[in-house]
Amino acid sequence: MSKVSPAEEELLCKSVRFLKGVGPKRASLLSKLGVETVEDLLYFFPRRYEDRRQITPIKSLEPDSYAALLVRVVGVEKKITKKRNLNLTVATVTDGTDIAQALWFNKRGLENLLSIGTLVALFGKIKENYGMLQILNPEFEIIEEDALPEEMGKIVPIYPLTEGLSQRWLRLLIRRTLSEYLSYVEEFLPEDIVLRYGFPPLKKAILGYHYPDDERGWKSCRKRLAFDELFLLQLGVAIKRRQMEEETSAPKLSCGGPLQMKFVENCLNFKLTSAQEMVLGDICVDIFRKIPMNRLLQGDVGSGKTVIAVLAMLAAVDTGYQAAMMVPTEVLANQHYAKITNWLSKLNAEVTLLTSSLTPQERAKRYEDIKSGRSRIVIGTHSLIQEGVEFRELGLVVIDEQHRFGVLQRRTLMDKGSYPHTLVMTATPIPRTLALTVYGDLSLSIIDELPPGRTPVRTQWIGKGKLKELYEFVKKKLLAGNQVYWVCPLIDESESIDATSVQKRYRSLCEIFSDFKVGLLHGRLGAPDKDETYRAFLRGDLDILVATSVIEVGIDVARANIMVIEDAYRFGLSQLHQLRGRVGRGGGQGYCFLLGEAPTPEARKRFKVMCSTSDGFVIAEEDLKLRGPGAFCGVRQHGITDFRVADLVNDVDLLDIAREEAQVLVENDPSLDKYPKLRARLISTLGETLSLAITG
Ligand code: ADP
Ligand code: MG
């Protein structure tokens, strides 16, 4: 390998401003596209390509095929179509072999671009109309005479643009930059990895992703570049994790102690599912090590994560440590507290509840209990991480419904004890690819099985025209002793948003169901009111609960079997799934009605998915496809999924390979001493994001 002098390496970090033909104004436009340096430009990839390898002569055009033409404009006309009153531009074109027409609908101003004599490349579908060959709404590019040799006969990159930059200019800039600077790009992947997967060398991959020879070549370049991104991230995560493991230590907690055993034998009226047992096994192995556990437990709504949390906490208590469980809302804290104290009533383990609605005296008392070690298990909201809470010996922290908490909050709690083991539980399945990238520093356990005897919730999408029938159905079910959730998107009526508010629906349901008790729950109620309403619903004193999506997480009412989601289009797929998860928990048949129109194709797709599956993982994958990774909680802030090439929906296999290679490498060479180029590259791309400090 030839040693590159620093001066040459610096060339790639040079600002694009200094490139020929750029200057400050265009540099600031490029900056809008995320391009600051020469290297950014080399890595600024096309969003699509145009295949200009085959230029078809007009005389050989086949109707109903797609074709690329290179033609000269010989006439332009503007017309209005008779039938639909559309604005039509018709250009008559020729390439010397024959004449054809290019037709565009509603493209104002086009006639000014296509003056007679213009050389233009057209791409589109060919039609025949009364013997005249036509190309409909073609993509077009005006060709300057001197550009011919470069632009034609190739697969041509089409780059994302911003206002003020033209495709031609940007393409030319990138092409020139490639020929001047690509040679300074250095291979950073270990050679054996390149060989093992038959990757093209880096320079070739970059060039071939801008200007592919053919589809196969493009694929192989793409794969290499996507691998680079995934591999660097996995490498960073693995190194980070190793550092954490070296710098921190946690207490060794053992499973199988007396409290845990008694709990399993005497307190539960069911057997753990095999998925639950597997997960428990994972946890027991983890918490018995001195390395702090950092595990993400994913389990669909109702899969029984709470029991697992309790078992893990009991292992801590059995070993002489305290355990804490943090949940996102007051209502949930109360619910968990009630359930867990009930479960543990036969055991001698003090459970303490910590919420923000305590009086100062109560709070002081509980703080004292926690500090002295009298309370063994603490359940609370974010007040758990407030100043003043001091544990005597915190061994384990469980965080339920983690997506409600920021990463920062997690940190704070972890810093309270020496280093407790952490179990993060989530009911919003995060697609596996995301879990492994964004949450790459977490180990992952999945409960992929529901407790036996659950019948899937029946989901139906109905228009508001069917409201009367829905009322009848609801009435029948209420008389049979069921309870109903009725979710609306808004709290108050709004003039600008066309959706039903809880207030309005509450009033109308009170009238229609005057023989029943209707309650109202939304985020603006004070905590005591919310709590009281929720308790009344739990006791069965309320038959219908009209609510905003505040009820989405974790609430568990066995007799509530019907969920109506009004203006359901206003909720995302994962959220709909979460809401639906509130019903069908008590063993009876659950029903979910998605009420209202689907104003967009995307909303329609969401409803379809909801009606066809209740598998949270399938839903999460669909959600990822529909909305992209940024839509997942907490992911956007990270910014580390902003890959230029890799794609979290389709590169799952590649991600697995990248992850494995990264782990092996870090295992053998934790500070990457043998791979200085790789180390440099890692630090330059991810050092800041992951706050990595690696020194060779
Ligand atoms: P989630 O995973 O949504 O937090 P929960 O822990 O609230 O689920 O469990 C849902 C319900 O299933 C609870 O009422 C719980 O007691 C019950 N449950 C948990 N595990 C089992 C099991 N193995 N068999 C039967 N019921 C179970
Ligand atoms: Mg739960």
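Above: the structure in question.
Nothing here was measured: the structure is a model prediction, and the numbers come from that model.

Q: How should I be thinking about the site of ligand 1 in this particular structure?
A: If you check the shell around ligand 1, you find 19 residues, and the closest are K271, G302, K305, T306 and R454. In the environment of ligand 1, a nitrogen atom lies 2.8 Å from a nitrogen or oxygen atom belonging to the backbone of K271. A distance of 2.8 Å is found between a nitrogen atom of ligand 1 and a side-chain nitrogen or oxygen belonging to Q276. Among the elements that take part in the shell around ligand 1, helix 12 (residues 305-318) stands out by supplying 3 residues, more than any other. Tallied by class, the residues present in the shell around ligand 1 amount to 6 nonpolar, 6 polar and 7 charged.

Q: Explain helix 19 (residues 527-539) to me, please; I cannot follow it from the model alone.
A: In a regular helix each residue adds 1.5 Å, so 13 residues correspond to 18 Å; helix 19 covers 18 Å between its end C-alpha atoms and thus fits that length. Those residues of helix 19 not exposed but buried are D531, T533, Y534, A536 and F537. Looking at the buried positions of helix 19, the neighbouring elements they touch are helix 13 (330-343), strand 16 (483-487), strand 17 (518-521), strand 18 (544-547) and strand 19 (560-566). Of the residues one or two after helix 19, G540 is the one with positive phi, at around 95 degrees.

Q: When you look at the environment of R175 in this model, what are you seeing that I'm missing?
A: Locating R175 in the fold gives a position in helix 6 (residues 167-181). R175 sits 36 residues away from Y211 along the chain, and the two C-alpha atoms are 9.2 Å apart.

Q: I keep staring at the nonpolar core and nothing clicks. Help me out?
A: One recurring pattern in soluble globular proteins: nonpolar side chains tend to sit buried together. Residues L30, L170, I206, L225, F231 and L235 are the most contacted members of the largest nonpolar core, which totals 61 residues. Listed by contribution, the elements that provide at least two residues to this core are helix 2 (23-32), helix 3 (38-42), helix 6, helix 7 (191-196), helix 8 (202-210), helix 9 (215-247), helix 24 (652-668) and helix 25 (676-686). The element contributing the most residues to this core is helix 9, with 12 residues. Excluding residues that lie within four positions of it along the chain, L235 makes contacts with A662, L665, V666, L672, L678 and L682. If you look at the next biggest cluster of nonpolar residues, it comprises 44 residues, including V279, L280, V307 and V351.

Q: Please explain the environment of G236 as it appears in this structure.
A: With respect to the helices, strands and loops of the structure, G236 is situated in helix 9. Along the sequence, G236 and A662 sit 426 residues apart, while their C-alpha atoms lie 8.5 Å from each other.

Q: Would you explain the state of the cysteines in this entry?
A: The term disulfide refers to a covalent linkage connecting the sulfur atoms of a pair of cysteines. Inspection of the entire model under this criterion finds 1 disulfide. Two residues, C255 and C284, share a disulfide whose sulfurs are 2.1 Å apart. Residues C255 and C284 are joined through a disulfide that is left-handed, its torsion about the S-S bond being -85 degrees. Within this pair, whereas C255 is found in the loop between helix 9 and helix 10 (258-267), its partner C284 is found in helix 11 (residues 274-287), the two being separated by 29 residues in sequence. On the basis of relative accessibility, which here comes to 18%, the residue C284 falls in the buried class.

Q: Can you help me understand the packing of aromatic side chains in this one?
A: We describe a pair of aromatic rings using the distance from one ring centre to the other and the angle between the two ring planes. In the structure shown here, the tally under the stated rule is 20 aromatic pairs. Ring centres of W104 and F140 lie 5.7 Å apart, and the angle between their planes is 75 degrees; this geometry places the pair in the edge-to-face category. Placement of W104 in strand 4 (residues 99-105) and of F140 in strand 6 (residues 132-142) is noted, with a sequence separation of 36 residues between them. Residue F140 is classed as partly exposed on the basis of its relative accessible area of 23%. Grouped by ring-pair contacts, the aromatic residues Y43, F45, Y49, Y209 and W218 constitute a single cluster.

Q: How should the side chain of Q260 be read in this particular structure?
A: Considering the arrangement of structural elements, one finds Q260 in helix 10. Every residue in contact with Q260, bar those within four places of it in the chain, is listed here: C255, L311, L314, A315 and D318.

Q: Is there a simple way to explain the sheet that holds strand 3 (residues 87-94) in this structure?
A: Backbone hydrogen bonds are what pair the strands of a sheet, in a parallel or an antiparallel way. Within the closed barrel, the 5 strands sit side by side as 2-3-4-6-5. Their pairing is mixed. Adjacent strand axes in the sheet meet at a mean angle of 50 degrees when their direction is disregarded. Pairing between strand 5 (residues 119-129) and strand 6: 9 bridges, direction antiparallel. Paired with N129 across the bridge in strand 6 is M132.

Q: Please explain the packing of helix 17 (residues 467-479) against helix 18 (residues 502-512) as it appears in this structure.
A: How two helices sit against one another is set out by the angle between their axes and by the gap between those axes. Contact pair helix 17 / helix 18: the axes reach a minimum separation of 12 Å and the direction vectors enclose 60 degrees. Judged by the angle between their axes, helix 17 and helix 18 are oblique. Judged by the twist between their axes, the crossing of helix 17 over helix 18 is right-handed. Together, L467, Y471 and K475 of helix 17 and R505, L509 and I512 of helix 18 make up the contact between the two elements. The class makeup of the residues in the contact of helix 17 with helix 18 is 4 nonpolar, no polar and 2 charged.

Q: Help me out: how do you make sense of the pairing of strand 12 (residues 394-400) in this one?
A: For a regular strand, side chains alternate in direction, first toward one face of the sheet and then toward the other. Most of strand 12 is tucked away: 7 of the 7 residues are buried. As defined by bridge partners, strand 9 (residues 322-326) adjoins strand 12 across 5 bridges and the pair is classed as parallel. Bridging from a neighbouring strand, A323 pairs with L396 of strand 12. In this sheet, strand 13 (residues 421-426) lies alongside strand 12 in parallel orientation, the contact comprising 5 bridges. Bridge pairing in strand 13 links L396 to H421.

Thresholds applied
- Residue indices begin from 1 for each chain and proceed along its sequence in written order.
- Key to labels: chains lettered from A, ligands numbered from 1, both in the order written.
- Under the rules for a predicted model, residues below a pLDDT of 70 receive no local features and side-chain atom pairs below 80 are neither given nor counted, while totals for whole chains, interfaces and linings still include all residues.
- The basis for every side-chain value is the complete set of non-hydrogen atoms in the structure, without hydrogens or water.
- Throughout this document, a residue counts as near a molecule or strand when at least one of its heavy atoms sits within 4 Å of that molecule or strand.
- In protein, a polar contact requires one atom able to donate a hydrogen and another able to accept it; more generally it is a pair of N or O atoms within 3.5 Å, and residues adjacent in sequence count only if both atoms are side-chain atoms.
- The secondary structure listing takes helices from DSSP runs of H or I that are at least 4 residues long and strands from runs of E that are at least 2 residues long, numbered from the N terminus.
- Only Asp, Glu, Lys and Arg are considered charged in this grouping, and only Ala, Val, Leu, Ile, Met, Phe, Trp, Tyr, Cys and Pro are considered nonpolar; every other residue, Gly among them, is considered polar.
- Each residue after the first adds 1.5 Å to the expected span of a helix.
- Burial status follows relative accessibility: with a 1.4 Å probe on protein chains alone, a residue under 20% of its type maximum counts as buried, one over 50% as exposed, and anything between as partly exposed.
- The contact criterion used is simple: two residues touch if any of their non-hydrogen atoms lie within 4.5 Å.
- Within this scheme, the nonpolar core is defined by two criteria: the residues are buried Ala, Val, Leu, Ile, Met, Phe, Trp, Tyr or Cys, and they are joined through side-chain atoms within 4.5 Å.
- By definition, disulfides here are pairs of cysteine sulfur atoms that lie within 2.5 Å.
- When the centres of two rings from Phe, Tyr and Trp lie within 6.5 Å, Trp using its six-membered ring, the rings pair. Their planes under 30 degrees apart give stacked, over 60 give edge-to-face, and anything left gives tilted.
- Only strands joined by at least two bridges in the DSSP assignment are considered to pair.
- Lines fitted to C-alpha atoms define the axes here, with helix axes fitted over just the stretch in contact, and angles between the N-to-C directions of these axes take values from 0 to 180 degrees.
- In what follows, roughly perpendicular refers to angles from 65 to 115 degrees, roughly parallel to angles under 35, roughly antiparallel to angles over 145, and oblique to any angle outside these ranges.
- The crossing is said to be left-handed when, going from far helix to near helix, the turn is anticlockwise and less than a right angle, and right-handed when the turn is clockwise.

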